[in-house]
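# Tertiary structure, described
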Amino acid sequence: MEKRIKENSSWRPQTQLVRGGVTRSLFEETSEALFLTSGYIYKTAENAEAAFKGDTSRYIYSRYGNPTVSMFQDRLALLEGAKHCVATASGMAAMFASLACLLKSGDRIVASRALFGSCYFIISELLPRFGVDVEFVDGTDLNQWAEVLKKPAKAVFVETPSNPTLEIIDLLKITRIAHAAGAYVIVDNVFATPILQRPLEFGVDMVMYSTTKHIDGQGRGLGGAILTNDDTLFEDFLIPFLRHTGPAMSPFNAWVMLKGLETLSLRMERHCHNAHVISKFLTNHKIIKSVLYPGLDSHPQHQLAMSQMKSGSTILTFEINGGKDAAFQFLNSLQLINISNNLGDAKSLITHPATTTHQRLSVAERAHLGITDGMTRLSVGLEDVEDLIEDLNQALQSTPC
Ligand SMILES: *Cc1c(COP(=O)(O)O)cnc(C)c1O
């Protein structure tokens, strides 16, 4: 595996996305082979013994590794510029493993408050049950990070841009503060994708993805991945945890994701272009109270976003005058854009965070995160942007404010 990554590493990213990690079977197929097998056979009992001793490197069981899954992992590692990659059954399996492989009772974790709902559940409710000390900070406030990390911590977890308010966290500065406190830094890079942001370049220790989102990009399957350059983290913590707890990615999903990677950068270009055009259209609309899009000058951290990411991303959040009733009327009036909490799809999808993804939070917690009742989050798809604007426009016109 290691060798193949080195051989291919001089290719440019778009070439990596199409050809990185390919291992052909004896049939010399063009398209990556789908190995739907749970097990592998040994020519002799001695071969099996050697494989289990670790004297030979080969596939033993698909919970540990599978050729199709390996191709996906290698291709994603090449794109991220990471030494190691492991795929998981979902983004949440990746997120949980990245923390659970590391933390034990008595350890401390510090996280940014604005997180994907299930990530917030794991940190705020699940980890404390296992005796882990948890503290949340406002991710954009460097003073809070510095204050809280005067005490040592084992892990720091952040999401940037965050869901749904698209806050940008300064990866370089947070990583410095966290490392000084002895913490590993783990980044949820789902909204940015490896095309727009490569956290390992800022010194981050682990990056995790829900490949369900842009990496598949066509709404077909669940998947996740964790990447790192740290040999110890990978070999002594992550791999034993994943092998024995079993959240392995299915070979079929890995094959779907491999195909997704081939077009990822092309799709991202179009997603980001469409999102930028729509953000400008909405900014000028009279019943829109505010638009949050990292690619706009009006975003509170526009400069930081542009220094850390290649573009403004594929998602924008906007607030409609008139609160929940107006927001619901607007959503119900859309004819092309679908109401869905998913994101990163070829189809444009819109959701009302306060009553869906962030419903579990208390009113006070939502207020603290800036999630208002008039706020909607739009994951911009690959349709013609003029059709999207026409749909948004007709829905806004039928919305009283
Ligand atoms: C979707 C998502 C996850 C979870 O991924 P699943 O594949 O749904 O398990 C985690 N973080 C962010 C930011 C996400 O958007």
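Residues numbered from 1 in each chain as written. Predicted model: local features only at pLDDT ≥ 70, side-chain atom pairs only at ≥ 80, totals over all residues. Heavy atoms only, no water.

## Some points on the nonpolar core
Generally speaking, soluble globular proteins have nonpolar side chains that are buried together. Formed by 48 residues in total, the largest nonpolar core has its most connected members in Phe 72, Leu 76 and Val 156. Here the element with the most residues in this core is helix α4 (residues 67-80); it accounts for 6 residues. Two domains each provide a minimum of three residues to this core, namely domain 1 (10-260) and domain 2 (264-397). Non-local contacts of Phe 72, meaning those with residues more than four positions away in its chain, are made with Ala 87, Thr 211, Ile 215, Met 249, Ala 254, Met 257, Leu 258 and Leu 261. (Core = buried A, V, L, I, M, F, W, Y, C linked by side-chain atoms within 4.5 Å. Buried < 20%, exposed > 50% of the residue type's maximum accessible area, 1.4 Å probe, protein only. Helix = DSSP H or I, 4+ residues; strand = E, 2+ residues; numbered from the N terminus. Domains from an automatic or database assignment. Contact = heavy atoms within 4.5 Å.)

## Some points on α4
With 14 residues, α4 extends 20 Å from end C-alpha to end C-alpha; this agrees with the ideal 20 Å at 1.5 Å per step. The opening residue of α4 is Asn 66, an N-cap whose side-chain oxygen sits 2.9 Å from the backbone nitrogen of Thr 68. At the C-terminal side of α4, Gly 81 shows a positive phi close to 75°. (Expected span 1.5 Å × (residues − 1). Polar contact = N/O pair within 3.5 Å; in protein donor to acceptor, adjacent residues only side chain to side chain.)

## Structural notes on the site of the ligand
Contacts to the ligand come from 14 residues, most closely from Met 92, Asp 188, Ser 210, Thr 212 and Lys 213. In this structure, Met 92 approaches the ligand through a main-chain N or O atom, which is 2.8 Å from an oxygen atom. One nitrogen or oxygen atom from the side chain of Thr 212 is found 2.7 Å from an oxygen atom belonging to the ligand. When each cavity is represented as a set of grid points, the ligand is found to reside in the second largest pocket. Looking at the shell around the ligand residue by residue, the classes come out as 6 nonpolar, 5 polar and 3 charged. (Near = heavy atom within 4 Å. 1 Å grid on protein atoms, 1.4 Å probe; cavity = no way out; pocket = protein on both sides within 12 Å on 5 of 7 lines; lining within 4 Å. Sits in = over half its atoms within 2 Å of the grid points. Nonpolar A, V, L, I, M, F, W, Y, C, P; charged D, E, K, R; others polar.)

## A look at the domain arrangement of the protein
Each assigned domain of the protein is listed here: domain 1 (10-260) and domain 2 (264-397). The centre of domain 1, based on its C-alpha atoms, is set 27 Å off from the matching centre of domain 2. On the side of domain 2, 38 residues touch domain 1, which itself brings 38 residues to the contact. Both faces combined, the contact of domain 1 with domain 2 buries some 3,200 Å², and carbon together with sulfur accounts for 61% of it. Taken together, domain 1 and domain 2 are joined by 1 salt bridge. Arg 360 is paired through a salt bridge with Glu 125; the nearest N and O atoms lie 2.9 Å apart. At the boundary of domain 1 with domain 2, the tally comes to 22 residue pairs in polar contact (both at pLDDT 80 or more). Counting only elements with at least two residues in the side of domain 1 that touches domain 2, the list comes to α2 (13-19), α6 (117-129) and α9 (193-196). Class assignment for the residues of the side of domain 1 that touches domain 2 results in 18 nonpolar, 13 polar and 7 charged. (Buried area = accessible area lost by both parts, 1.4 Å probe. Salt bridge = Lys/Arg side-chain N within 4 Å of Asp/Glu carboxyl O.)

## Overview of the pattern of salt bridges
What the rule picks out here adds up to 15 salt bridges. Between Arg 75 and Glu 32 there is a salt bridge, with its nearest N and O atoms 2.6 Å apart. Here the residue Arg 75 occupies a position in helix α4, and Glu 32 occupies one in the loop between α2 and α3 (45-53), the gap between them amounting to 43 residues. Judged by its relative accessible area of 0%, Arg 75 falls in the buried class. Since its relative accessible area comes to 5%, Glu 32 is described here as buried. Measuring nitrogen to oxygen at the nearest pair gives 3.0 Å for the salt bridge that ties Asp 138 to Arg 113. You can see Asp 138 sitting in the loop between β3 (133-137) and α7 (142-148) and its partner Arg 113 sitting in the loop between β2 (108-112) and α6, a full 25 residues away along the chain. Linked through salt bridges whose partners overlap, the residues forming this network are Glu 32, Arg 75, Lys 259 and Glu 262.

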